[in-house]
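Notes for the structure review
Each chain is listed here by its residues.
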Amino acid sequence: MRGLVICWMLIGGLGFLIFPWYVTGDGFFSINWILEYSLADYGSVLPQVFTNKKYWLLPLAIPLFFPLTTLKLNQNNPLYSKIFLYSGLIGFFYFFLQGFSIGIRGWNFEIFQSIFGDVDNQFGVGSGAVLTCCTFIFYITHGLSSRGWLNGDNFIVGSIGSIIILVSTFVFFPIFRMFTIAFKGTGGGYEISNFSSKILNKGIWGLDCVYSDYACGVFWNTVTMGTLTAFSSTILGLAFALLIARTSFKFKKTIRILSVLPIITPPFVIGLAIIILFGRSGAVSTFLEWGFDIEPSRWIYGLPGIWFAQTLAFTPIAFLILIGVVESVSPSMEEASQTLRASKWQVFKTVTLPLMRPGIANAFLIGFIESLADFGNPLVLGAEYDVLSTEIFFAIVGAQYDETKAAILAMILLSVVLVVFYLQNQWLGKKSYISISGKGDSGVHPELPKKTKWLIYSTVLPWAFMTFVIYLMIMFGGFVEMWGVDHSFTLKHYIEAFSIDWVKDRGFLWTGTAWNSFSTTFTIAIISALPTAAIGILTAYLLTRHKFKGKNAFEFGTMLSFAIPGSVIGVSYVFAFNVPPIELTGTGIILVIAFVFRNMPVGVRAGMAAMNQLDPHLDEASSTLNASSSQTFRNIILPLLKPAITASLVFSFVRAMTAISAVIFLVSANYDLAVSYILGRLENNDFGLAIVYSSALIVVMLFTILLMQLIIGKRKLGRRDQSAGILQGNIG
Amino acid sequence: MKNIMKLASIALVLLFTLFGLTNKASAAKLTMYCSVEIDVCEMLEQAYEKETGTKVAMTRASSGETFAKIKAESTNPKGDVWFGGTGDPHLTAAQENLTAVYKSKHFNDLLPAAQNQAVNANYKSVGIYVGALGFGYNKELLAKKGLPAPKSWMDLTKPIYKGEIQIANPNSSGTAYTTLATILQIFGEEKGWDYMKALHLNVNTYTKSGSAPIKATGRGENLIGICFQHDGVKQTKKGLPVVTVSPTEGTGYEVGSMSIIAGARNMEEAKKFYDWALSPPIQTMVFTSGKSLQVPSNTKAQADPDAPDLSTINLIDYNFKVYGEKSTRAGLLSKWDADVSTIPR
């Protein structure tokens, strides 16, 4: 215990006295400051105070070093916990007070100006400041655990504390900041009139399209699109699931792969493929014109195209949710109903379907949320069918830079999603839909009624075939000269994107235009996958194995970021982290953080699903042998969670590689991501390059997923592998 | 043992990636916001890096988007130089003190239009190329539909072209805003707005980027795209069946500009780049590459033989000072939003 405390104090001391206090221009992790040290640029607190006149930093020394007095005290002494708790709290609050009050131009609030007079400016927090802040957080949690919270368990209190702080800083704070921006007036101050005029705008709520030719408000467009997509993706997903689980179709494995392929597809690719096939000069349209004299039209531009693309994109998610549900329907129930002389159709309608209802509702709601958050498809195919996610984008990025409008639209989008999320939680919270009960349930599912079977075959097979054609085309499109015009074979697009030259004296030069964004995207996706899985699994452990006050709120908070649409996160990060105290825009870190907190819920759900299967007696056995909770976590639980770890790593990685809506606001000159490259190419009509890039991304993703599974390995249970069940049960 | 090896290799991998991400330290740096075509941006980036060894970080976005980005970052600028994009956003940026004053050593060699841009912006911007406005149509689609070829601005409002025209949204595109200003200057205030409303009925989509209409036209997804003439010629050069038209009533033009961002972190490097970009050899390289067919602003540089010849085009006396004004722009855009874009079609 003593060792831990001293260790943290050392870290705090390092942060305070040695590491640069402010963010340097070279990036958070660069070691440039060691190589080219200068007191003015890279000073820690003392040089900052005395050379650069940042006097307000000095008081931080008091709460930081005061706990040194506890070295003589016994941990059971109430004074011990008090000292830590209060030093931590005072230090932490003062840290943020000075961070928020003094910005890049001196005082942020005039009231302080009048009290204290002029003061120098300060930049965002750097490595030194972060280390010091972490030490304060440790003091707080150590003080709390010394008082007996949660059985005096340092590890647990520390974990809970850090996760709460992280989630508050990177999820709640940006949302809050965005909320305040919504109320900003045109002059810069805060006024309600600007807010009310923008929110009660006809552009958002108008219903004109119902009775005239005018367009409807953005809100109605979005909700319509979401509902349509949710319906179609759920129905198709159900059809796929029934095909795989309940029929004796011979090519199940192929269908399974085809149905899941859209998940690892980079953004815009599906929209692009649809344009190439069904656009006015698309392959299918020209064929129809040649064969049947049907005039090609621009039908895909607008709601029909978006609906089509989103269904293609989100059916796999519905499928993954529903396959678990379909497989877990107890065959005993169906057998019982058959023994009571029910026909196949009656069994299906009265027993099977109702038992799947929770899963169907879940898939519907997830489809709805994903549709609302979708950005790429409306952008490429929307033409003028405006939806909230693209409107938010144009409010910030268009020439009419209107922060307030963007913030208001983001708030509306967030509210819709939260309402839906809440409904889902309410509806489903009471029913369980994860399989594996452990009880013997050996029955045989009855065959599906004939009509249903044929209905399923006739929906799934054409759809699967079309998916196959689209992906074939995507691979093929990279090798032709110019799609739609010149189909001669060429490698020039691959060369232009991925060429490597050997230049004398300078070695290998990555001259291909795609390397920059490709390597950045890949690196950032990998880097963010690790903390995502780590925080996710840790949170899952805390939620399943420990009881503490406010656990429900904690759970909701960590899951919240899953519900927030990407555009909202992107916009709120831009508002919150462009100015001190936390200055992150333009760096790679903001991308990593956006990914970590966006995808963390996936790790949480995977972990929870897996841990619900582990017997708590294992933990107890370990505790009775005198292991601390962190030892138990590391040695007992983690090895048994390998499938969950793999699942969360894979999902986080894939979601990070294919993210757009959040990321499009956060890319910068130094950290260009795949999405901006592809978008730039699409805008420039360079379809060949866009396709080449996307194919490369898909191949790299597949390869990395396989590698991850190899590295983590399979857990040794001594019985049949349960990993399939977990992967299926953890979505939603 | 195996566990230690695993941990060690993971740690090594992490260390390498961190280094990879962060080693942009010591060399000279330049952050460029580029608003011309992405292939031109990349050409510039690579040429400058090769010649000077400076590490260039470049992002490409349309002129409207870049203006918004610079404005959003104004308290803490991340960019150094803004290259390309139509002149109006550059003028507005200059008025809002978002860009820095700098007079290049090549100033006296520039076309009068380019010099005017600098004067109008109080030397916070300069013209780097000149391009005339116009439109282009897909001749194969036109023949298939049996429609007559449009030759003038007024032709575009004919009902036979309903749903066949694409133009960008003036809120996000410099091309479309220039079109709006051009129409108002050719036809006058009242007739000009009537024209925009009539044109609106024939538009099938307002795209985000200014050059998207002509690209869709090239691909056969659209019949007539309003664009700068050099964009149309570029599509033809690529082998697409596009015919570029210079409208008979006369047309406006853009003076593509370059500005240094106020408060740039690499100010000296930005000035170096500024002079380099305006020099005859670089202008010749860019504008004869076949990727960019505007007329270079440095009179000592050469233009592409296929570039539209400005001397044969009927150019109006475009009033950049008035139409570059922030208040004029805001007024026109809100009027367009309210009166034109809401008309059902």
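Concerning the overall build of chain A
When helices and strands are tallied, chain A shows 34 helices and 6 strands. Expressed as a percentage of the 732 residues in chain A, the buried residues total 57%. Surface accessibility of chain A: about 32,600 Å² in total, with carbon and sulfur atoms responsible for 66%.

Overview of the pattern of salt bridges
Residues and elements named next belong to chain B. Scanning the model with the defined rule gives 15 salt bridges over all chains in all. The salt bridge partner of Lys215 is Glu37, with a shortest N-O separation of 3.3 Å. Of this pair, Lys215 sits in helix α9 (residues 212–219) while Glu37 sits in the loop between β1 (29–34) and α2 (38–52), placing them 178 residues apart in sequence. The exposure classification of Lys215 matches that of Glu37, with both residues buried. Between Asp39 and Lys234 there is a salt bridge whose closest N-O contact spans 3.5 Å. Placement of Asp39 in helix α2 and of Lys234 in helix α10 (residues 229–237) is noted, with a sequence separation of 195 residues between them. The class for Asp39 is buried, based on a relative accessible area of 13%. By relative accessible area, Lys234 is classed as buried at 7%. One continuous salt-bridge network, built from bridges that share partners, spans Glu37, Asp39, Lys215 and Lys234.

Comments concerning helix α12 (residues 280–287) of chain B
Among the 8 residues of α12(B), 6 are classified as buried, and the element is accordingly described as predominantly covered. Looking at α12(B), one finds that the buried residues are B:Pro280, B:Ile282, B:Gln283, B:Thr284, B:Val286 and B:Phe287.

What to know about the packing of helix α26 (residues 551–563) of chain A against helix α28 (residues 588–611) of chain A
Residues and elements named next belong to chain A. Running from N to C, α26 and α28 point in directions that differ by 125°, and their axes come no closer than 6 Å. Taken together, the axes of α26 and α28 are oblique relative to one another. Here α26 runs over α28; the crossing is left-handed. Within the contact between the two elements, α26 uses Glu555, Thr558, Met559, Ser561 and Phe562 and α28 uses Phe597, Arg598, Met600, Pro601, Val602, Val604, Arg605 and Met608.

Description of the confidence of the model for chain B
All names here are of chain B. Mean pLDDT over chain B stands at 86; residues scoring 70 or higher make up 92%. Element-level pLDDT for chain B is lowest in helix α1 (residues 2–22), with a mean of 60, against a maximum mean of 95 in strand β3 (residues 81–83). For this predicted complex, the interface confidence score (ipTM) comes to 0.72, while the overall pTM stands at 0.77.

What to know about the pairing of strand β7 (residues 203–207) of chain B
Residue and element names in this part refer to chain B. Across the 5 residues that make up β7, a large majority, 5, are buried. Relative to β7, strand β6 (residues 165–168) runs parallel, the two sharing 4 bridges. The residue of β7 that forms the bridge with Gln166 is Thr205.

A closer look at the confidence of the model for chain A
All names here are of chain A. With 82% of its residues at a pLDDT of 70 or more, chain A has an overall mean of 77. In this model, residues 432–438 is a region of pLDDT below 50 whose contacts with residues beyond four sequence positions or in other chains number 10 contacts. Between residues 718–732, whose pLDDT stays under 50, and residues either more than four places distant or in other chains, the model counts 32 contacts.

Quick look at the state of the cysteines
Structurally, a disulfide amounts to a covalent bond that connects the sulfur atoms of two cysteines. Enumeration over the complete set of coordinates arrives at 1 disulfide over all chains. Each sulfur of the disulfide joining B:Cys34 and B:Cys41 lies 2.0 Å from the other. The S-S bond linking B:Cys34 to B:Cys41 shows a torsion near -90°; that makes this disulfide left-handed. Overall, the relative accessible area of 0% leaves B:Cys34 in the buried class. There is no disulfide at A:Cys133, and the cysteine sulfur nearest it, in A:Cys134, is 6.2 Å away. Look at A:Cys133 and you get buried, because its relative accessible area is 10%.

Remarks on the environment of B:Glu140
Its location among the elements puts B:Glu140 in helix α6 (residues 139–145). On a C-alpha basis, the gap between B:Glu140 and B:Gly218 in space is 10.0 Å, while along the polypeptide they are 78 residues apart.

Observations regarding the side chain of A:His546
Residues and elements named next belong to chain A. Within the element layout of this structure, His546 appears in the loop between α25 (515–545) and α26. Polar side-chain contacts of His546 include one of 3.3 Å to the side chain of Tyr541. Setting aside chain neighbours within four positions, we find His546 in contact with Ile156, Tyr541 and Lys551.

A look at unusual backbone geometry
A negative phi holds for most residues other than glycine; trans holds for most peptide bonds. Residues and elements named next belong to chain B. Even without glycine at this site, Asn97 takes up a positive phi of about 60°. A positive phi angle is found at Tyr123, which is not glycine, with a value near 65°. Position of Tyr123 relative to the elements: it lies in the loop between α5 (112–120) and β5 (125–138). With relative accessibility at 28%, the residue Tyr123 sits in the partly exposed group.

Quick word on the environment of A:Thr222
Residues and elements named next belong to chain A. Positionally, Thr222 belongs in helix α13 (residues 218–246). The spatial distance from the C-alpha of Thr222 to the C-alpha of Phe176 is 24 Å, given a sequence separation of 46 residues. Ignoring sequence-local partners within four residues, the contact set of Thr222 consists of Leu372, Val387 and Leu388. Among the polar contacts listed, one links the side chain of Thr222 to the backbone nitrogen of Leu388, at a separation of 3.1 Å.

Some remarks on the pairing of strand β10 (residues 253–261) of chain B
One face of the sheet, then the other: side chains in a regular strand alternate in exactly this way. All names here are of chain B. Burial analysis of β10 places 9 of its 9 residues in the buried class, the great majority of the element. Across the two faces of β10 the burial is the same, with Tyr253, Val255, Ser257, Ser259 and Ile261 and Glu254, Gly256, Met258 and Ile260 all buried. Across 2 bridges, the pairing between strand β4 (residues 99–100) and β10 is antiparallel. From the neighbouring strand, Ala100 faces β10, where its bridge partner is Ile260.

Here's the deal with helix α15 (residues 269–278) of chain A
Counting buried residues along α15(A), 10 of its 10 residues qualify, which places the element largely inside the surrounding structure. Buried within α15(A) we find A:Val269, A:Ile270, A:Gly271, A:Leu272, A:Ala273, A:Ile274, A:Ile275, A:Ile276, A:Leu277 and A:Phe278.

Details of a nonpolar patch on the surface
All names here are of chain A. Together, Ile6, Leu10, Leu14, Leu17, Ile18, Leu46, Phe50, Leu58, Phe65, Leu68 and Leu71 make up an exposed nonpolar region whose accessible area comes to about 950 Å². Of all the secondary-structure elements, those providing two or more residues to the nonpolar patch are α1 (2–17) and α4 (45–50). Counting residues per element, the nonpolar patch draws most heavily on α1, which supplies 4 residues. With respect to the helices and strands, Leu10 occurs in helix α1.

Looking at the packing of aromatic side chains
A complete count under the given rule lists 50 aromatic pairs over all chains for this structure. Considering the side-chain rings of A:Trp454 and A:Tyr457, the 5.4 Å spacing of their centres and the 75° angle between planes classify their relative orientation as edge-to-face. Here A:Trp454 pairs with A:Tyr457, and both are found in helix α23 (residues 450–477), just 3 residues apart, close to one helical turn. Under the relative-accessibility criterion, A:Trp454 is labelled exposed at 54%. What makes A:Tyr457 buried here is its relative accessible area of 15%. Through pairs of rings, three or more aromatic residues link up here, namely A:Trp8, A:Tyr80, A:Phe84, A:Phe136, A:Phe138 and A:Tyr139. B:Arg329 extends its terminal NZ or CZ atom over the ring of B:Tyr177, reaching a point 4.8 Å from the ring centre. The ring of B:Trp193 carries the charged tip of B:Lys335 above its face, separated from the ring centre by 5.3 Å.

Cut-off values and rules
- Residues numbered from 1 in each chain as written.
- Chains lettered and ligands numbered in written order.
- Predicted model: local features only at pLDDT ≥ 70, side-chain atom pairs only at ≥ 80, totals over all residues.
- Heavy atoms only, no water.
- Helix = DSSP H or I, 4+ residues; strand = E, 2+ residues; numbered from the N terminus.
- Buried < 20%, exposed > 50% of the residue type's maximum accessible area, 1.4 Å probe, protein only.
- Areas by Shrake-Rupley, 256 points an atom, 1.4 Å probe, with all protein chains shown as cover.
- Salt bridge = Lys/Arg side-chain N within 4 Å of Asp/Glu carboxyl O.
- Axes fitted to C-alpha atoms, helices over the stretch in contact; angles between N-to-C directions.
- Parallel < 35°, antiparallel > 145°, perpendicular 65-115°, else oblique.
- Left-handed = near helix turned anticlockwise from the far one by under 90°.
- Contact = heavy atoms within 4.5 Å.
- pLDDT = per-residue confidence, 0-100.
- Pairing = 2+ DSSP bridges.
- Disulfide = S-S within 2.5 Å.
- Polar contact = N/O pair within 3.5 Å; in protein donor to acceptor, adjacent residues only side chain to side chain.
- Patch = residues over 30% accessible without salt bridge, like charges linked within 9 Å, V, L, I, M, F, W, Y side chains within 5 Å.
- Phe/Tyr/Trp six-rings, centres within 6.5 Å; stacked < 30°, edge-to-face > 60°.
- Lys NZ or Arg CZ within 6 Å of the ring centre and 35° of its normal.

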